[in-house]
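One-letter residues, chain by chain:
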Amino acid sequence: MSEQNFDLHCHSNVSDGVLLPADLVARAADRGVTVLALTDHDDVSGLPAAHAAARGTGMKLINGVEISVTWGVHTIHIIGLNIDPQSPALVAGLAAIRSGREERAIKMAEQLTRIGIPNSLAGAYRYVENRNSIGRMHFARYLIDLGIVKDVRTVFKRYLVKGKPGYVPHQWAGMADAIGWITASGGQAVLAHPGRYTMGEGKMQELLTEFKSCGGTGIEVVTGSHTVEQYAQFARLAKKFDLLCSRGSDFHGPDESYKDLGQLPQLPEICTPIWQDWALSETARDTAS
Ligand code: AMP
Ligand code: MN
Ligand code: MN
Ligand code: MN
């Protein structure tokens, strides 16, 4: 059998990705992904369509989610893999997070109006599939289409990150709650793209200590926004903290993501993969149908 190609982090238009869940699944299968997790932000409603599309492709689809968490002054993201999307605590927790997004978007638009960019709320909503999933990426797409900035990277840097005019601080879920919902639903909690958090080594170790004590078991080592140096850095931290390692593109759409589905390097040798105990014979069963 050929080598497995795991991509355990990506987004559909249920959150801030561009593609329909079915189109995302088809693209992943076309690019040689053998095990895909759909991990929309704070939402699991794309999973049924994704499963339907995965049937018969030979690719296994894992139930996933990416939860927005506030940890001190930091916003961090925690991925749930192999969750039960019907778990009542998880469903209620995710709904509570989403309910704050529209209010934040109104404030973002007000701030953008003040610097001379009117109507961005209606503009951003043009790119939104589910109203309560509205986020910074939808504003980013609108500002790009207006011609104010050329790409996603620039629009975030100039308008949408802390300290910039379109940024609105927000209280997301607590870390213990988010990990609790994931683990109570039978899933594994993975710290997403740790290289993106602006904190020093000491704070990162504090984060990993607390993440573990809340029940977190994995860390994303190979992901679209990490450099090669960061693969090595987080592989070492995974070893030190006895965390399993994950690999995921964080794909949002053709033309706007760092890496396409399934195109990342393999995990470094010293990593123990998060999928080490997964029953991958399931893959064969899916393929057979
Ligand atoms: P939100 O949850 O609405 O705050 O939006 C966060 C999303 O914005 C992330 O999931 C990414 O898709 C995107 N994002 C955040 N920071 C950046 C950045 N610096 N460059 C590109 N995309 C970013
Ligand atoms: Mn996103
Ligand atoms: Mn993220
Ligand atoms: Mn993501």
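In the block above lies the structure referred to throughout.
What comes next is a walk through the structure. Since this is a predicted model, take the numbers as computed values, not measurements.

Regarding the coordination of the manganese ion (ligand 3)
For a metal with four donors in a tetrahedral arrangement, the ideal angle between donors is 109.5 degrees, while six donors in an octahedron ideally sit at 90 or 180 degrees.
So, step 1. Protein coordination of the manganese ion (ligand 3) is provided by Glu-66 (OE), His-77 (ND1) and His-193 (NE2), with donor distances spanning 2.1 to 2.2 Å.
So, step 2. Between the manganese ion (ligand 3) and the manganese ion (ligand 2) the interatomic distance comes to 5.5 Å. Of this pair, Glu-66 sits in strand 3 (residues 60-71) while His-77 sits in strand 4 (residues 74-81), and the two are eleven residues apart along the sequence. In this structure, Glu-66 and His-77 share a single accessibility class: buried.

What to know about unusual backbone geometry
Backbone phi values are negative for most residues with the exception of glycine, while trans is the configuration of most peptide bonds.
So, step 1. At Asp-42, a residue that is not glycine, the phi angle is positive and equals roughly 55 degrees.
So, step 2. Following the sequence through the fold, Asp-42 ends up in the loop between strand 2 (35-38) and helix 2 (47-54).
So, step 3. Owing to a relative accessible area of 0%, Asp-42 belongs among the buried residues under this scheme.
So, step 4. Unusually for a residue other than glycine, Asp-250 sits at a positive phi of about 65 degrees.
So, step 5. Here Asp-250 shows up in the loop between strand 7 (244-248) and helix 11 (281-288).

Things to note about helix 2
So, step 1. Every buried residue of helix 2 is listed here: Leu-47, Ala-50 and Ala-54. In an axial view of helix 2, the angular spread of the buried residues amounts to 60 degrees, which keeps them on one side of the axis.
So, step 2. Among the structural elements, helix 1 (21-30), strand 2 and strand 3 are those in contact with the buried residues of helix 2.
So, step 3. Downstream of helix 2 by one or two residues, Gly-56 has phi in the positive range, about 85 degrees.

Brief notes about the packing of aromatic side chains
So, step 1. Under the defined criterion, the tally for this structure stands at two aromatic pairs.
So, step 2. Summarising the aromatic geometry, the rings of Phe-6 and Trp-275 are spaced 3.8 Å apart at their centres and angled 5 degrees between planes, so their arrangement reads as stacked. Taken as a pair, Phe-6 in strand 1 (residues 6-7) and Trp-275 in the loop between strand 7 and helix 11 lie far apart in primary sequence, 269 residues in all.
So, step 3. Overall, Trp-275 belongs to the buried group, its relative accessible area being 14%.
So, step 4. Taken together, Phe-6, Trp-275 and Trp-278 form an aromatic cluster joined through their ring pairs.

Some thoughts on the sheet that holds strand 6 (residues 218-223)
So, step 1. Taken in spatial order, the seven strands make up an open sheet running 1-2-3-4-5-6-7, and their pairing is mixed. Pairing within the sheet leaves two strands with one partner each, and these edge strands are strand 1 and strand 7.
So, step 2. Looking at chain direction, strand 4 and strand 5 (residues 188-191) are connected through four bridges and run antiparallel. Within the sheet, the bridge partner assigned to Gly-80 lies in strand 5 and is Ala-189.
So, step 3. Relative to the sheet, helix 2 contacts strand 2 and strand 3, its axis offset from that of strand 3 by approximately 150 degrees.
So, step 4. Lying on the sheet, helix 8 (residues 175-184) is in contact with strand 3, strand 4 and strand 5; it crosses strand 3 at an angle near 165 degrees.

Remarks on the coordination of the manganese ion (ligand 4)
So, step 1. For the manganese ion (ligand 4), every protein donor is listed as His-9 (NE2), His-11 (NE2), Glu-66 (OE) and Asp-250 (OD), and the spread of their distances is 2.1 to 2.2 Å.
So, step 2. In the primary sequence, the donor residues of the manganese ion (ligand 4) line up as H-x1-H-x54-E-x183-D.
So, step 3. Taken as an interatomic distance, the gap from the manganese ion (ligand 4) to the manganese ion (ligand 2) is 4.6 Å. Residue Glu-66 is found in strand 3, and its partner Asp-250 is found in the loop between strand 7 and helix 11; the two are separated by 184 residues along the sequence. The same class applies to Glu-66 as to Asp-250, namely buried.

Thoughts on the side chain of Asp-40
So, step 1. Within the secondary structure, Asp-40 is located in the loop between strand 2 and helix 2.
So, step 2. At 2.7 Å, the side chain of Asp-40 forms a polar contact with the side chain of Ser-12.
So, step 3. A polar contact is formed between the side chain of Asp-40 and the side chain of Ser-15, at a distance of 2.5 Å.
So, step 4. Those residues in contact with Asp-40, other than ones at most four positions away along the chain, are Cys-10, His-11, Ser-12, Val-14, Ser-15, Val-65 and Glu-66.

Conventions adopted
Residues numbered from 1 in each chain as written. Chains lettered and ligands numbered in written order. Predicted model: local features only at pLDDT ≥ 70, side-chain atom pairs only at ≥ 80, totals over all residues. Heavy atoms only, no water. Donors = N, O, S within 2.8 Å, 3.2 Å for Na, K, Ca; no water. Helix = DSSP H or I, 4+ residues; strand = E, 2+ residues; numbered from the N terminus. Buried < 20%, exposed > 50% of the residue type's maximum accessible area, 1.4 Å probe, protein only. Arc of directions from axis to C-beta. Contact = heavy atoms within 4.5 Å. Phe/Tyr/Trp six-rings, centres within 6.5 Å; stacked < 30°, edge-to-face > 60°. Pairing = 2+ DSSP bridges. Axes fitted to C-alpha atoms, helices over the stretch in contact; angles between N-to-C directions. Polar contact = N/O pair within 3.5 Å; in protein donor to acceptor, adjacent residues only side chain to side chain.

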